[in-house]
Amino acid sequence: MEPVLELRGVGYSYHSLGGETETLRDICFSIQPGEFVSLVGPSGCGKSTLLSLICGLLRPEQGEILIQGARVGYMLQKDHLLEWRSVYRNAVLGLEMAHQLTPEAEARVRQMLDTYGLSGFAEAHPSQLSGGMRQRAALIRTLALEPDLLLLDEPFSALDYQTRLEVGDDIGSIIRREGKTALLVTHDLAEAISLGSRVIVLTSRPAKVKCIVPVTFAAEADGTRLSPLERRNAPEFSSYFQQIWREVREHG
């Protein structure tokens, strides 16, 4: 099976009048269709830069990035919902900008609003929504364009802890239900483990792939899918957390 995303020896440096700062060096990994992979590493190591390279906002200086299919969805830390537009009008904004707002696309958005508990708020404005509902609306806006790959740049970091747990559980379940492939950047190791099928650990700058930790739970051996919250309560969770915490702390 062809990977949805493959990085081969990717490197990148920032350039300024003061000189060159190497940020990423020889980054190699791939993601298979339907996988949810988490990416962690020390603060400032270049995780968000890597997402910018994958989605085409920046170009790698070394190596190559291969994406199977052309559609990439990018979900940022803030929801960036527009207050003067209704929830529904926010959800179809990307479709409007891409000139893809067909009756079929509108019906798909309406169905997602209904499925994910927002149909009663379709004509409300963002300020009338809770933080979790706003993130769901932002995700629907991203999914409306039917991306092959979802890039999630700490999408829950602006939420309080309890809401973050609830929304992480919610969003993770939605992405799996929609059968999407996802790469999540987060500094929250518990979040990375509870959502990911693998956790990629980067070193400090210039970042390299230090290790890739497969995340498996005995309760999922028969094909059952635990929710992120159920994973946090599973007996294996603590050992994964300690292992990845040690890898991140060692930096190099």
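Residues numbered from 1 in each chain as written. Predicted model: local features only at pLDDT ≥ 70, side-chain atom pairs only at ≥ 80, totals over all residues. Heavy atoms only, no water.

Q: Please explain the overall build of the chain as it appears in this structure.
A: Each helix and strand in the chain was counted, giving nine helices and nine strands. With respect to the principal axes defined by its C-alpha atoms, the chain has extents near 50 × 50 × 35 Å. A total of 252 residues make up the chain; the buried ones form 50% of that total. Taking the contacts inside the chain whose residues are at least 6 apart along the sequence as the reference set, 71% of them involve residues at least 24 apart. A distance of 3 Å separates the average location of the 26 positive side-chain charges in the chain from that of its 32 negative side-chain charges. (Helix = DSSP H or I, 4+ residues; strand = E, 2+ residues; numbered from the N terminus. Buried < 20%, exposed > 50% of the residue type's maximum accessible area, 1.4 Å probe, protein only. Contact = heavy atoms within 4.5 Å. Lys, Arg positive; Asp, Glu negative; His and termini not counted. Charge placed at Lys NZ, Arg CZ, Asp CG, Glu CD.)

Q: Help me understand the sheet that holds strand β1 (residues 5-16) in this model?
A: Strand-to-strand pairing in sheets goes through backbone hydrogen bonds, with the strands running parallel or antiparallel. Strands sit in the order β2-β1-β4 across an open sheet of three strands; the sheet is antiparallel. The outermost strands of the open sheet, each flanked by one partner alone, are β2 (19-31) and β4 (62-67). Each strand of the sheet is rotated relative to its neighbour by a mean of 30°, with strand direction disregarded. Pairing of β1 with β2 involves nine bridges; the strand directions are antiparallel. (Pairing = 2+ DSSP bridges. Axes fitted to C-alpha atoms, helices over the stretch in contact; angles between N-to-C directions.)

Q: For this particular structure, what's the right way to read the sheet that holds strand β6 (residues 149-153)?
A: With mixed pairing, the six strands of this open sheet are ordered in space as β5-β6-β7-β3-β8-β9. On the outer flanks of this sheet lie β5 (72-75) and β9 (209-214), each paired with one strand and no other. Mean inter-strand twist for the sheet, computed between neighbouring axes without regard to direction, equals 15°. Against the sheet, helix α1 (residues 47-54) contacts β3 (36-40), β5, β6, β7 (181-185) and β8 (198-202), and its axis sits at roughly 150° relative to β6.

Q: Please explain the pattern of salt bridges as it appears in this structure.
A: A pair can form between side chains of opposite charge whenever their charged atoms are brought close. One pass over the structure, following the stated rule, counts twelve salt bridges. The partner of Glu-247 in a salt bridge is Lys-210, with the nearest N and O atoms 3.6 Å apart. Taken together, the residues span a long stretch of sequence, with Glu-247 in helix α9 (residues 237-250) and Lys-210 in strand β9 at a distance of 37 residues. Linked through salt bridges whose partners overlap, the residues forming this network are Glu-6, Arg-8 and Glu-64. (Salt bridge = Lys/Arg side-chain N within 4 Å of Asp/Glu carboxyl O.)

Q: What is the right way to look at the nonpolar core in this model?
A: In globular proteins that are soluble, nonpolar side chains generally tend to be buried together. If you look at the biggest cluster of nonpolar residues, it comprises 34 residues, and the most contacted ones within it are Val-109, Leu-113, Leu-139, Ile-140, Leu-152 and Ile-175. Among the elements of the structure, α2 (87-91), α4 (103-115), α5 (131-143), β6, α6 (161-177) and β7 are those that each provide at least two residues to this core. Sorting elements by how many residues they give to this core places α5 first, with six residues. Not counting residues up to four positions away in its chain, the partners in contact with Leu-139 are Met-75, Leu-150, Ile-171, Ile-174 and Ile-175. The next biggest cluster of nonpolar side chains, apart from the first, holds 24 residues, and it includes Leu-5, Val-37, Leu-39 and Leu-50. (Core = buried A, V, L, I, M, F, W, Y, C linked by side-chain atoms within 4.5 Å.)

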